[in-house]
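Geometric and topological summary
Here is how the chains run, residue by residue.
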Number of protein chains: 2
Amino acid sequence: MSLDTAATKPHERLATELATEMEAVNGLIRERMASEHAPRIPEVTAHLVEAGGKRLRPMMTLAAAKMCGYDGPYHVHLAATVEFIHTATLLHDDVVDESSQRRGRPTANLLWDNTSSVLVGDYLFARSFQLMVETGSLRVLDILANASATIAEGEVLQLTAASNLATTEAIYLQVVRGKTAALFSAAMEVGGVIAGVSEDRVKALYAYGDALGVAFQIVDDLLDYRGTDATGKNVGDDFRERKLTLPVIKAVAMADAEERAFWERTIAKGKQASGDLETAMAILARHDTLEATRVEALAWSEKAKAALAPLPDHPIRSMLVELADYVVARIS
Amino acid sequence: MSLDTAATKPHERLATELATEMEAVNGLIRERMASEHAPRIPEVTAHLVEAGGKRLRPMMTLAAAKMCGYDGPYHVHLAATVEFIHTATLLHDDVVDESSQRRGRPTANLLWDNTSSVLVGDYLFARSFQLMVETGSLRVLDILANASATIAEGEVLQLTAASNLATTEAIYLQVVRGKTAALFSAAMEVGGVIAGVSEDRVKALYAYGDALGVAFQIVDDLLDYRGTDATGKNVGDDFRERKLTLPVIKAVAMADAEERAFWERTIAKGKQASGDLETAMAILARHDTLEATRVEALAWSEKAKAALAPLPDHPIRSMLVELADYVVARIS
């Protein structure tokens, strides 16, 4: 690590610590994206996989494996697996999100995009499946099969919960586990399993990834109402798209008759008018639900840090602690 | 088997022979379709899985396992796996097919359907993945991972080959292997692998499924131009949808300048007018490509039957021979 460690962010320090392994993961991803028979596949995936995201999920797998003393080759396969699953999920989310955005305004090339997104996503799932089979670990396959089911179930649940005022905090948590935490926890867990660590450490890795993922998603949903410099989202996007996230779910639970009617009209029926976002913000402020949501995110971050206790004292463990702080730093 | 065996079709005789096992498969499918958290999932899948199709693919797995003397429980898991993969593929095909059909005419509930189809398809893939992990056989996982990749690759290839007059017979075969034969061959293969048969028998099972699948798809594409009582398709659907199937690919390869211009206009550019189907049929007749296609389908059926030679002499083997005849019976 360089002298200006203090100036870098935790995920950047992790990236530095895991640079060699990450290079191998990127090489494997490029190799397995290729399709001899269907050159469109790498075209579609390249801009997603190569776009230079934070690569947080594969890094978590590498971090868990390295922290647990693994010295074999398969953490690289598993990290690539996790990134492929993530990319496939993004491709399929595109179809779902584009579909809802385009109501009433069809665009010419959207159909082609939908089709490519579905099929190339399927291809990446299949490729991730081949990669994990190569590890030869049935335990790893079991974990990733279960994570895949949780992700898909969460996505369907989100669809049916959308714009439904009966959505509870428990359902919200289930959706969040599916869309974000399931892959975080599986990414950590398989890193430990491939390293052959004890059950309590596998559980610890799972618990860290789970809590970090939940914190991550709650922060994202909170920032949608608080605004931020970095997300590129406008305040109120979720409100306009009638998504029920934690701040609104909490407010609906405490609504009086008039507020209830407001949520019915704007979220359930989707009849929004100018000034409605301001009214929504005023209701959230009245019940202090942004603060309650913030407190919950912080609690999940603390839970993530506490989960790390059974793991070996290792520089990477410290970085994971800092990562849990960093995830909530924007709302602290 | 009952006295009127001669009056039943081969897949019905297989269904009778495998009735007990098939009952277990149906039970497992119903059990694993359920979703505690997202009740929409069984709603969407039920009409597909319960619709009472021929269940040809799971039956092939059961047939292979039973013919190879398997007496464990996992052929049932694998048969359900194969049916889930097939159903997931159908759901995703819906998105692709609906997309192309709806150009210029959006319908109100299509967006919702697309979304459900994508996500519930993903859920079934994940469920199938869990089922195969339960068998504890890495070899089986490897076969199904590779089949999944071939299927997805074939689907993307079909997309990019669509309406492209440069499509060769080799590309057509690749697409057919992906959309049909890959799951047929994997379904047979895993039945033998779980039974622990020798490599030459595993190869024989694969070869039978592959050839049967190719024959099956070529017959389907041929009937689109020949017409039939049973398919529910109209003559010329593929022509109208600008799909390049074997009869047209063969005709394009032999086209003179005028015919080439016709295919360019009707298939590549999609500018079709009244009377074009009749012209297309006349060109196919001129080059006798329906007959050439028929001969190819019959050859694949023969190849399927020949592949069965290394397998044990068993009533099921005879039914599989009859099945290969039956697949091409409508064009014989």
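What comes next is a walk through the structure. (Residues numbered from 1 in each chain as written. Chains lettered and ligands numbered in written order. Predicted model: local features only at pLDDT ≥ 70, side-chain atom pairs only at ≥ 80, totals over all residues. Heavy atoms only, no water.)

**What about the overall build of chain A?**
In terms of regular secondary structure, chain A is built from 15 helices and zero strands. Burial status across chain A gives 55% buried among its 332 residues. Partitioning the intrachain contacts of chain A with sequence separation of at least 6 by distance along the chain shows that 76% fall at a separation of at least 24. A total of about 13400 Å² of accessible surface is found on chain A, and carbon and sulfur atoms cover 52% of it. (Helix = DSSP H or I, 4+ residues; strand = E, 2+ residues; numbered from the N terminus. Buried < 20%, exposed > 50% of the residue type's maximum accessible area, 1.4 Å probe, protein only. Contact = heavy atoms within 4.5 Å. Areas by Shrake-Rupley, 256 points an atom, 1.4 Å probe, with all protein chains shown as cover.)

**Topic: the relation of the copies chain B and chain A**
Taken together, a rotation about one axis and a shift along it account for how the two chain copies relate. Of the two same-sequence chains, chain B is brought onto chain A (RMSD 0.0 Å, axial shift 0.0 Å) by a rotation of 180°. Expressed as an axis order, the relation between the two copies is that of a two-fold axis. In this assembly the copies share their binding face: 100% of the residues contributing to the interface of chain B also contribute to that of chain A. (Least-squares fit on C-alpha atoms with pLDDT ≥ 70 in both.)

**Remarks on the packing of helix H8 (residues 169-194) of chain B against helix H9 (residues 199-226) of chain B**
All names here are of chain B. Closest axis-to-axis distance for the H8/H9 pair is 7 Å, and the angle between their directions is 145°. Seen along the crossing, H8 lies across H9 with a hand that is right-handed. Its residues assigned to classes, the contact of H8 with H9 shows 15 nonpolar, six polar and five charged. (Axes fitted to C-alpha atoms, helices over the stretch in contact; angles between N-to-C directions. Left-handed = near helix turned anticlockwise from the far one by under 90°. Nonpolar A, V, L, I, M, F, W, Y, C, P; charged D, E, K, R; others polar.)

**Section: the packing of aromatic side chains**
In this description, a pair of aromatic rings is defined by centroid distance and the angle of the planes. Using the criterion set out here, one finds nine aromatic pairs over all chains in the structure. Relative to Phe129 of chain B, the ring of Phe129 of chain A lies with its centre 4.8 Å away and its plane at 45°, an arrangement referred to as tilted. With Phe129 of chain A in helix H6 (residues 110-134) and Phe129 of chain B in helix H6 (residues 110-134), this residue pair bridges two chains. For Phe129 of chain A, a relative accessible area of 6% translates into the label buried. Seen from their ring centres, Phe262 of chain B and Trp263 of chain B are 5.2 Å apart, and the 70° between their planes marks the pair as edge-to-face. For Trp263 of chain B, a relative accessible area of 0% corresponds to the buried category. A connected cluster of aromatic rings, assembled from ring pairs, spans Phe239, Phe262 and Trp263 of chain A. (Phe/Tyr/Trp six-rings, centres within 6.5 Å; stacked < 30°, edge-to-face > 60°.)

**Some details on the pattern of salt bridges**
Residue and element names in this part refer to chain A. A complete count under the given rule lists 40 salt bridges over all chains for this structure. The salt bridge partner of Glu264 is Arg260, with a shortest N-O separation of 3.4 Å. With Glu264 and Arg260 both in helix H12 (residues 257-268) and four residues apart, this pair spans about one turn of that helix. Judged by relative accessible area, Glu264 falls into the partly exposed class, the value being 28%. Owing to a relative accessible area of 35%, Arg260 belongs among the partly exposed residues under this scheme. Across the salt bridge formed by Arg265 and Asp276, the nearest N and O atoms sit 2.8 Å from each other. Here Arg265, found in helix H12, pairs with Asp276, found in helix H13 (residues 276-286); they are 11 residues apart in sequence, far enough to count as distant. Assessed through its relative accessible area of 31%, Arg265 is described here as partly exposed. (Salt bridge = Lys/Arg side-chain N within 4 Å of Asp/Glu carboxyl O.)

**Observations regarding the nonpolar core**
Of all hydrophobic cores here, the largest spans 207 residues; its most connected members are Tyr208, Trp263 and Leu320 of chain A together with Tyr208, Trp263 and Leu320 of chain B. Apart from residues no more than four positions distant in its own chain, Trp263 of chain B is found in contact with Leu165, Phe239, Val248, Ala251, Val252, Ala255, Ala268, Ala280, Ile283 and Leu284 of chain B. (Core = buried A, V, L, I, M, F, W, Y, C linked by side-chain atoms within 4.5 Å.)

**Concerning the interface of chain B and chain A**
Listed per partner, the contact involves 46 residues of chain B and 46 residues of chain A. For the pair chain B and chain A, the two sides together bury roughly 4100 Å², of which 77% comes from carbon and sulfur. Summed over the shared surface of chain B and chain A, the number is zero salt bridges. Where chain B packs against chain A, one counts four residue pairs in polar contact (both at pLDDT 80 or more). Secondary-structure elements contributing two or more residues to the side of chain B that touches chain A are helix H3 (40-49), helix H5 (74-101), H6 and helix H7 (138-161) of chain B. Ranked by residue count, the leading element in the side of chain B that touches chain A is H6 of chain B, at 16 residues. Considering only residue class, the side of chain B that touches chain A consists of 25 nonpolar, 13 polar and eight charged. (Buried area = accessible area lost by both parts, 1.4 Å probe. Polar contact = N/O pair within 3.5 Å; in protein donor to acceptor, adjacent residues only side chain to side chain.)

**A few points about the side chain of His75 of chain B**
Of note, His75 of chain B is situated in helix H5. Sequence-distant contacts of His75 of chain B, that is, excluding residues within four places in its chain, are made with Glu21, Thr61, Leu62, Ala65 and Tyr70 of chain B.

**Some points on unusual backbone geometry**
Residues and elements named next belong to chain B. Of note, the phi angle at Arg242 is positive, near 60°, even though the residue is not glycine. Positionally, Arg242 belongs in the loop between helix H10 (237-240) and helix H11 (246-253). Although it is not a glycine, Asp288 sits at a positive phi angle of roughly 55°. With respect to the helices and strands, the residue Asp288 is situated in the loop between helix H13 (276-286) and helix H14 (289-307). What makes Asp288 partly exposed here is its relative accessible area of 47%.

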